[in-house]
Amino acid sequence: MFGVLLDKKQLERYMEKLASDHTLKNRSDERTYPIPNLISNFEYITMVYNLLNEHIKLGIEIHPAGEWLLDNYYIIEERIQQIKDELTVKKYKKFIGIENGQYSGFARIYVLANEMCTYTDSNINKENLEFMLTSYQKRKTLNMDEIWNIELFIKICIINNIKSICEKIYASQMQKYRVENIIERLVELKDSKNQIYNTDVYRSAKFGFGEMKYPFIEYMSYKLKKTDRDSYDYIEALEEAVEKMGTNINDVIKKEHFDIAIKKVLMGNCIITLKNISRIDFQEVFEKLNGVEEILKEDPANVYDKMDYKSKAYYRAKIKELAKKAKISEVYIAKKLIELCKDKVGKQSHIGYYLIDRGKEKLYNEIEYSPFKIKANTKLKLILILMWGISIFMSIFIGRIYNNYIWSLAVLLPIQEIVSQIIQYILSKIVKPKLIPKIDLQNKISKEQATMVVVPTILDSTQKVEEMFRKLEVYY
């Protein structure tokens, strides 16, 4: 879809109004999953792409917007595959949905991406993307998942817009095809057996009110003026038919040229955005726009901002997970973390103590969340009971088979070892390993974090001393 192009101030007001109008619900509806429609649109784009290739072979002039499609079809194909791989039904349903209006049930981020593309003519870059998201968040906060996946939904909306342009290209090309048939039959007067364009659909084509479209009139006028034969009678007939429509050829040509220029620009915007949006540093965009990130940087211990990317992502993922379980805002949880850390000393002044360490209970109390939790000792007891229970049951079963319970005692330990290995394997697949948060020291080690590394060695010769000096740089 394409709308009126808005200037910066209008766009800001529109994004704020959009946020105010949105009534939200926890999940999106499966019926609004955009991939089936996206695949259908791509099939249509492919059909138009093939049609353009055929028309090139037939010598029919190509719509300027179609030239963009011919040169960049492979990019659309690549993006389609990426979107299909990344956006599953399960993932889509987890996005916050819209509860009211014409987009009821749709993922909010999909609706937002669609509006952004509509009112920028699909010309999305880093600057206007940040500006629009910031404007929206003045009224409602986007969660981390939405900001991370905005690129994916912009691509979906861009491809949907390309399909809309392809509909215009298709209509234009079919009108040109019709013109070529008429020109060949009525002007060039070729024998029907030698005609290149001999499709039955176009044999009955003639000038007449209600049958002509603007692309037909513009292209017919162009072809008649270009033909070597005397085409005055045909031009006169065309002018008469156009006048019956309540207009004239000059006005039709101007309007059609304007529409062609618009479609060319729109298709160019779509292709350029598809190319360039993947080059945007979305980590930088995320850190700039995500409310949670800005709050966590206020960590009283002054540690969070110095952590490496994986550690920061781990903290944010824990907040996102807790927000979904407790059904409260991510920003609210982040603010509570900062409040708990204030006026504390040592590790209790760091947000991680309350997010992933022993202080979790205090955070749960603050946000009034009561998780189902099994103590570590209880978990160990359950695993041991399960392991020995299965082992004893199987050993008794074997003893019954041989009608000799001595066999049960003989195979108990081997069975227990096998069962133990199986349980450990299953647990290794189910239980996720915990990440140890780290400070990012890749580029610089501060004076406070500097330390001395001692390498014990025996210097028993001058050669050994020289060797150690040579290795100093490696050790450093």
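Residue numbers here run from 1 along each chain, matching the order of that chain's written sequence. Note on the predicted model: pLDDT of at least 70 is required for a residue's local features to be given, and 80 or more for side-chain atom pairs to be given and counted; whole-chain, interface and lining totals, by contrast, use all residues. Note: side-chain values were computed over all heavy atoms of the structure, leaving out hydrogens and water.

Considering a negative patch on the surface
Residues qualify for a patch when their relative accessible area is over 30% and they have no salt bridge, like charges being joined within 9 Å and the nonpolar side chains of Val, Leu, Ile, Met, Phe, Trp and Tyr within 5 Å. Shrake-Rupley sampling with a 1.4 Å probe provides the accessible areas, and residues are treated as covered by the protein chains on show and by no other component. Within this document, salt bridges are pairs made up of a side-chain nitrogen of Lys or Arg and a carboxyl oxygen of Asp or Glu, the two lying within 4 Å of each other. Only four residue types enter the charge count, namely Lys and Arg as positive and Asp and Glu as negative; His and the chain termini do not. Where a charge sits is defined by one atom per residue type, namely NZ (Lys), CZ (Arg), CG (Asp) or CD (Glu). Together, Asp233, Glu236, Glu239, Glu240 and Glu243 give the surface a local cluster of negative charge. Segments assigned H or I by DSSP are reported as helices when at least four residues long, segments assigned E as strands when at least two residues long, and all are numbered from the N terminus. In this fold, glutamate 239 is placed in helix α10 (residues 232-244). Throughout this description, buried means an accessible area under 20% of the type-specific maximum (1.4 Å probe, protein chains only), exposed means over 50%, and partly exposed covers the range between. Take glutamate 239: its relative accessible area is 37%, and that puts it in the partly exposed class.

Remarks on the packing of aromatic side chains
Geometry of aromatic contacts follows a simple scheme: Phe, Tyr and Trp rings, the Trp one being its six-membered ring, pair when their centres are within 6.5 Å, and the pair is stacked under 30 degrees between planes, edge-to-face over 60, tilted otherwise. Applying the stated criterion across every chain, the model contains 15 aromatic pairs. Pairing tyrosine 92 with phenylalanine 153 gives two aromatic rings, centres 6.4 Å apart and planes at 45°, and the pair type is tilted. Here phenylalanine 153 lies in helix α7 (residues 144-187) and tyrosine 92 lies in helix α4 (residues 89-93), a separation of 61 residues in the sequence. Each ring, one from tyrosine 353 and one from tyrosine 354, has its centre 5.0 Å from the other, and the planes form 90°; the classification is edge-to-face. Tyrosine 354 matches tyrosine 353 in its accessibility class, with the two residues each being buried. An aromatic cluster is present here, built from Tyr33, Tyr92, Phe95, Tyr103, Phe106, Tyr110 and Phe153 joined pairwise through their rings.

Side note on the environment of isoleucine 35
Its location among the elements puts isoleucine 35 in helix α2 (residues 35-58). The spatial distance from the C-alpha of isoleucine 35 to the C-alpha of glutamine 10 is 31 Å, given a sequence separation of 25 residues. Isoleucine 35 has contacts with Ile83, Lys84 and Leu87, leaving out every residue within four places of it along the chain. Should any heavy atoms of two residues lie within 4.5 Å, those residues are considered in contact.

Points about helix α3 (residues 64-86)
To estimate how far a helix should extend, the number of its residues minus one is multiplied by 1.5 Å. For α3, built from 23 residues, the straight-helix expectation of 33 Å at 1.5 Å per residue is met to within 8% by its first-to-last C-alpha distance of 33 Å. Bending of α3 peaks at approximately 65° at the position of asparagine 72. Residues Ala65, Gly66, Leu69, Leu70, Asn72, Tyr73, Ile75, Ile76, Arg79, Ile80 and Ile83 constitute the buried set of α3. By definition, a residue's bend is the angle between the axes fitted to the seven residues ending there and the seven starting there.

Side note on the environment of lysine 327
Within the fold, lysine 327 resides in the loop between α14 (309-326) and α15 (330-341). Sequence-wise, lysine 327 and asparagine 26 are 301 residues apart; in three dimensions their C-alpha atoms are separated by 8.4 Å.

So, the side chain of serine 28
Residue position: serine 28 is located in the loop between β1 (24-25) and α2. What qualifies as a polar contact is a pair of N or O atoms within 3.5 Å, subject to a donor-acceptor requirement within protein and to the restriction that residues adjacent in sequence count only when both atoms come from side chains. In this structure the side chain of serine 28 is engaged in a polar contact, spanning 2.8 Å, whose partner is the backbone oxygen of phenylalanine 95. Discounting chain neighbours no more than four positions away, the residues touching serine 28 are Tyr92, Lys93, Phe95, Ile96, Gly97, Gly105, Phe106 and Ala107.

Some thoughts on unusual backbone geometry
Phi is positive for aspartate 121, which is not a glycine, with a value near 55°. The residue aspartate 121 is located in the loop between α5 (108-118) and α6 (126-136) in this model. Positive phi is not limited to glycine here, since asparagine 302 has a value of about 60°. Tracing the chain through its elements places asparagine 302 in the loop between α13 (291-296) and α14.

Some remarks on a positive patch on the surface
Among the surface-exposed residues, Arg27, Lys90, Lys94 and Lys432 lie close enough to one another that they form a single positively charged patch. Structurally, lysine 432 is set in the loop between α19 (406-430) and α20 (462-475).

Details of the pattern of salt bridges
It is possible for side chains of opposite charge to pair when their charged atoms get near one another. A complete count under the given rule lists 26 salt bridges for this structure. Close ionic contact of arginine 31 with aspartate 29 constitutes a salt bridge, the shortest N to O distance being 3.5 Å. Classification of arginine 31 as exposed rests on a relative accessible area of 60%. The class for aspartate 29 is partly exposed, based on a relative accessible area of 21%. Lysine 163 is paired through a salt bridge with glutamate 167; the nearest N and O atoms lie 2.5 Å apart. Of this pair, lysine 163 and glutamate 167 both sit in helix α7, four residues apart, which is roughly one turn of the helix. Exposure remark for lysine 163: the relative accessible area of 18% places this residue in the buried category. For glutamate 167, a relative accessible area of 35% translates into the label partly exposed.

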